[in-house]
Amino acid sequence: MRITVHGAAGEVTGSCHLLEFGAQRVLIDVGMIQGGHEESRRNRDEFPFDPAQLDAVIISHAHIDHLGRLPLLVKRGFSGPVFTHRATADLARIMLEDSASLAAVDAERDNRRKLRAGEEPDAEPLYSLGDVANALGLLRPLDYRQPTEILPGLELTLRDAGHILGSASLSLTGQTPSGPRTLVFSGDLGPKGTPIMHDPEPAPHADLVLLESTYGDRLHRSRQSTIDELGEVFDVAAHERGNVLIPAFAVGRSQELLYWMAEHFERWHLDRWQIYLDSPMAMRVTEVYGRHAQLFDAPGRAAWAGNGHPFGLSNLRLVSSVQDSQALNARGGGCIIIAGSGMCNGGRIRHHLRHNLWRENAHVVFVGYQARGTLGRRLVDGAEFVDIFGERIRVKARRHTVGGLSAHADQNGLAEWYGAIPKHPRVALVHGEDDARSGLQQRLMAQYGCDVRVPAAGEMFDV
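Sequence order sets the numbering: in each chain, residues are counted from 1 along the sequence as written. Confidence filtering applies because this is a predicted model: local features only for residues at pLDDT of at least 70, side-chain atom pairs given and counted only at 80 or more, and all residues used for totals across whole chains, interfaces and linings. Note that water and hydrogens are dropped before the side-chain values are worked out from all heavy atoms of the structure.

Engineer: What exactly am I supposed to notice about the overall build of the chain here?
Structural biologist: The secondary structure content of the chain amounts to 14 helices and 22 strands. Here the C-alpha radius of gyration of the chain, 22 Å, is about what a compact globule of 463 residues would show, namely 23 Å. Principal-axis analysis of the C-alpha atoms places the extent of the chain at approximately 70 × 55 × 40 Å. In this scheme, a residue with accessible area under 20% of its type's maximum is buried, one over 50% is exposed, and one in between is partly exposed, where area comes from a 1.4 Å probe on protein chains only. Within the chain, buried positions represent 59% of all 463 residues. The helix and strand labels rest on DSSP assignments: H or I over at least four residues marks a helix, E over at least two residues marks a strand, and numbering proceeds from the N terminus. Between the two quantities, the radius of gyration covers C-alpha atoms and the globule rule is 2.2 Å times the number of residues to the power 0.38.

As structure tokens, then:
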């Protein structure tokens, strides 16, 4: 029983790991590589394994950097079962159909550009809606804490990772000649106390742990400090009569942001604002959240039952049409606009940034991780100018990074989750940039005296 790290080694996107159990081969995640053009082009590379030779796939959760290449895997020959939590199965349809639609639009735009340049219009989308339909037909929904034999002698158990709805840590136990061996993959772990979500559940046993390390070298601000900071941002922006833009992922961040706004409506004086959720995908995702409200924590279930949804905001407007989204750009102030994508590398947020970044009274609040190569990362790193839709824009808006609202556990949270696993097994750190992995490696070795590896892409470990 051995595992090979094929993605998210030294970066936070493109999660992909191959488990070999005897002659059986199981792929854990097959995520999209995100970032700039160079990173995106890597999604078209051949897989470092034959998709047709895989016996099964397991998806940890519905973010595109964990399942985004599933239709491509099917397009290239995979035809086996895809195991995931049933809430993730529902979310996967929304995420993958949106991804295919965006890919088609991008290909069409590239072909128009090539035609204007006198070149051959040969751009094709990474995959089609037909490929998505084929992939969705392979999904096999599971529940938490229900051991399932997914292949002869190989048992899978999902545990709540507390990251987004349906997110799971995976325990894979195989019967070997020398006895049972268990691989645990953390998936993306949420911080304790995240609205709506339960706290992440540690595994009861492991021989090897693949542990995410997104924030392995830093600590988040406390929830109270974060609440105070957001209140200050809203106060200053209201005084300056500007807009507040919040790039947010459609799954998880958007729902939790609105939950916090409802929770602190009076404290943040949100009645003076018009709040817009400008994300049709986030609206569809919220409907899925409602169908799986039994997975919420107790306060989340109570809020949902009391309000019909956990966002009892009288001044919240849901923006569906392109025309209504465009109309927001004519408003120079008084708006809080939540829109995707969370890393600003696509979606409607780019249009709002184009119309607001040059305004001195505008504010941009980053509540999620910004990967290398993305527009969001350039803004967080302090870029004075950015290019959006071919237009060079001077950045005068104020930028705020609010780590206390992250959907990822910080170094303390990661160390605590790992520390709850008995006997502190071997660890391989994935899903983190190298500085983050190094910081977490030092922390775990010092605190628990365990064997911690920082694998490169293609590196293999015996379980």
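What follows continues from the structure just given.
Engineer: Explanation requested: the sheet that holds strand β11 (residues 208-212) in the structure shown.
Structural biologist: Think of a sheet as strands paired side by side through backbone hydrogen bonds, with each pair either parallel or antiparallel. Ordered by their spatial adjacency, seven strands build an open sheet running β7-β8-β9-β10-β11-β20-β21, and the pairing between neighbours is mixed. Each edge of the open sheet carries a strand with a single partner, namely β7 (148-151) and β21 (452-453). Pairing between strands is defined by DSSP: at least two bridges between them are needed. Of the pairings in the sheet, the one linking strand β9 (residues 168-176) to strand β10 (residues 179-185) comprises seven bridges and is antiparallel in character. Across the sheet, L170 pairs through a bridge with F185, a residue of β10. Strand contacts of helix α13 (residues 411-419): β9, β10, β11 and β20 (426-430), with the helix running at about 165 degrees to β11, the strand carrying the most contacts. The contact criterion used throughout is that any non-hydrogen atoms of two residues lie within 4.5 Å. Axes, fitted as lines to C-alpha atoms, cover a helix only where it is in contact. Angles between the N-to-C directions of the axes lie from 0 to 180 degrees.

Engineer: It is not clear to me how the packing of α13 against helix α14 (residues 434-448) should be interpreted in this structure. Could you clarify?
Structural biologist: Two measures define how a pair of helices packs: the angle their axes make with one another and the distance between the axes. Viewed as axis vectors pointing N to C, α13 and α14 meet at an angle of 45 degrees, and their least axial separation amounts to 10 Å. One way to sum up the angle between α13 and α14 is to call them oblique. Note that α13 runs across α14; the crossing there is right-handed. Contact residues: α13 offers Q411, N412, L414, A415, E416, Y418 and G419, while α14 offers G439, L440, R443, L444, Q447 and Y448. Gly is put with the polar residues, along with every residue not named as nonpolar or charged; the nonpolar set is Ala, Val, Leu, Ile, Met, Phe, Trp, Tyr, Cys and Pro, and the charged set is Asp, Glu, Lys and Arg. Tallied by class, the residues present in the contact of α13 with α14 amount to six nonpolar, five polar and two charged. An angle below 35 degrees is treated as roughly parallel, one above 145 as roughly antiparallel, one from 65 to 115 as roughly perpendicular, and anything else as oblique. In this scheme the crossing of two helices becomes right-handed for a clockwise turn of the near helix relative to the far one and left-handed for an anticlockwise turn of less than a right angle.

Engineer: I tried to follow the layout of surface pockets on my own but got confused; where do I start?
Structural biologist: Any empty space left between the atoms is revealed when a probe the size of a water molecule rolls over them. With a 1 Å grid laid over protein atoms only, a set of points is called a cavity when a 1.4 Å probe fits there but cannot get out and a pocket when it is open yet has protein on both sides within 12 Å along at least five of seven lines; lining residues have an atom within 4 Å of a point. Grid points are joined across faces, edges and corners, and a volume is the space filled by probe spheres set on the points. In this structure, the second largest pocket encloses a volume near 380 Å³. Among the elements of the structure, α12 (375-380) and α14 are those that each provide at least two residues to the lining of the second largest pocket. Ranked by the residues each element gives to the lining of the second largest pocket, the list is headed by α14, at three residues.

Engineer: Help me understand the nonpolar core, please; the structure alone is not making it clear to me.
Structural biologist: It is characteristic of soluble globular proteins that their nonpolar side chains tend to be buried jointly. To define a nonpolar core, start from buried Ala, Val, Leu, Ile, Met, Phe, Trp, Tyr and Cys residues and group those joined through side-chain atoms within 4.5 Å. Among the nonpolar cores identified, the biggest contains 106 residues, and L172, L183 and M261 are the most heavily contacted of them. At eight residues, the largest contribution of residues to this core is made by helix α4 (residues 86-116). Contacts of L172, omitting those with residues within four sequence positions, involve M1, L19, I28, I58, I150, L154, E155, L156, R181, T182 and L183. Core analysis: the second largest hydrophobic core is formed by 21 residues, L245, Y276, V319 and L375 among them.

Engineer: For this particular structure, what's the right way to read helix α5 (residues 129-136)?
Structural biologist: Along an α-helix, residues three or four positions apart point the same way, because every turn accommodates 3.6 residues. Listing the buried residues of α5 in full gives D131, V132, A135 and L136. Taken end-on, α5 shows its buried residues confined to a sector of 135 degrees, consistent with a single buried face. Close packing links the buried residues of α5 with α3 (70-75), α4 and β6 (139-142). Working definition: the arc comes from the directions between the helix axis and the C-beta atoms, pointing outward to the latter.

Engineer: Is there a simple way to explain the pattern of salt bridges in this structure?
Structural biologist: Proximity of charged atoms lets side chains of opposite charge pair with each other. When a carboxyl oxygen of Asp or Glu lies within 4 Å of a side-chain nitrogen of Lys or Arg, that pair is called a salt bridge. In this structure the tally under the stated criterion is 27 salt bridges. A salt bridge links R25 to E20; its shortest N-O distance comes to 3.2 Å. Between E201 and R145 there is a salt bridge, and its shortest N-O distance comes to 3.2 Å. Within this pair, whereas E201 is found in the loop between β10 and β11, its partner R145 is found in the loop between β6 and β7, the two being separated by 56 residues in sequence. Residues joined in a network through salt bridges with shared partners are R372, R377, D381 and E433.

Engineer: What exactly am I supposed to notice about the sheet that holds strand β15 (residues 335-339) here?
Structural biologist: In spatial order, the strands read β14-β13-β15-β12-β16-β19; together these six strands make up an open sheet with parallel pairing. Across the chains shown, the open sheet's two edge strands, defined by having one partner strand only, are β14 (316-318) and β19 (398-401). Here the average twist between neighbouring strands, direction ignored, is 20 degrees. Bridge analysis of strand β13 (residues 274-278) against β15 gives five bridges, and the strand direction is parallel. Bridge assignment links Q274 to a residue of β15, and that residue is C335.

Engineer: Would you mind showing me how to read the side chain of T84 here?
Structural biologist: Residue placement: T84 occurs in strand β5 (residues 82-85). Identification of polar contacts relies on pairs of N or O atoms within 3.5 Å, with a donor-acceptor requirement for protein atoms, meaning one able to donate a hydrogen and the other able to accept it, and with residues adjacent in sequence counted only if both atoms are side-chain atoms. Within the structure, the side chain of T84 is placed 2.8 Å from the backbone oxygen of I59, a separation counted as a polar contact. T84 has contacts with I59, A89, L139, R140, P141, L142 and L158, leaving out every residue within four places of it along the chain.

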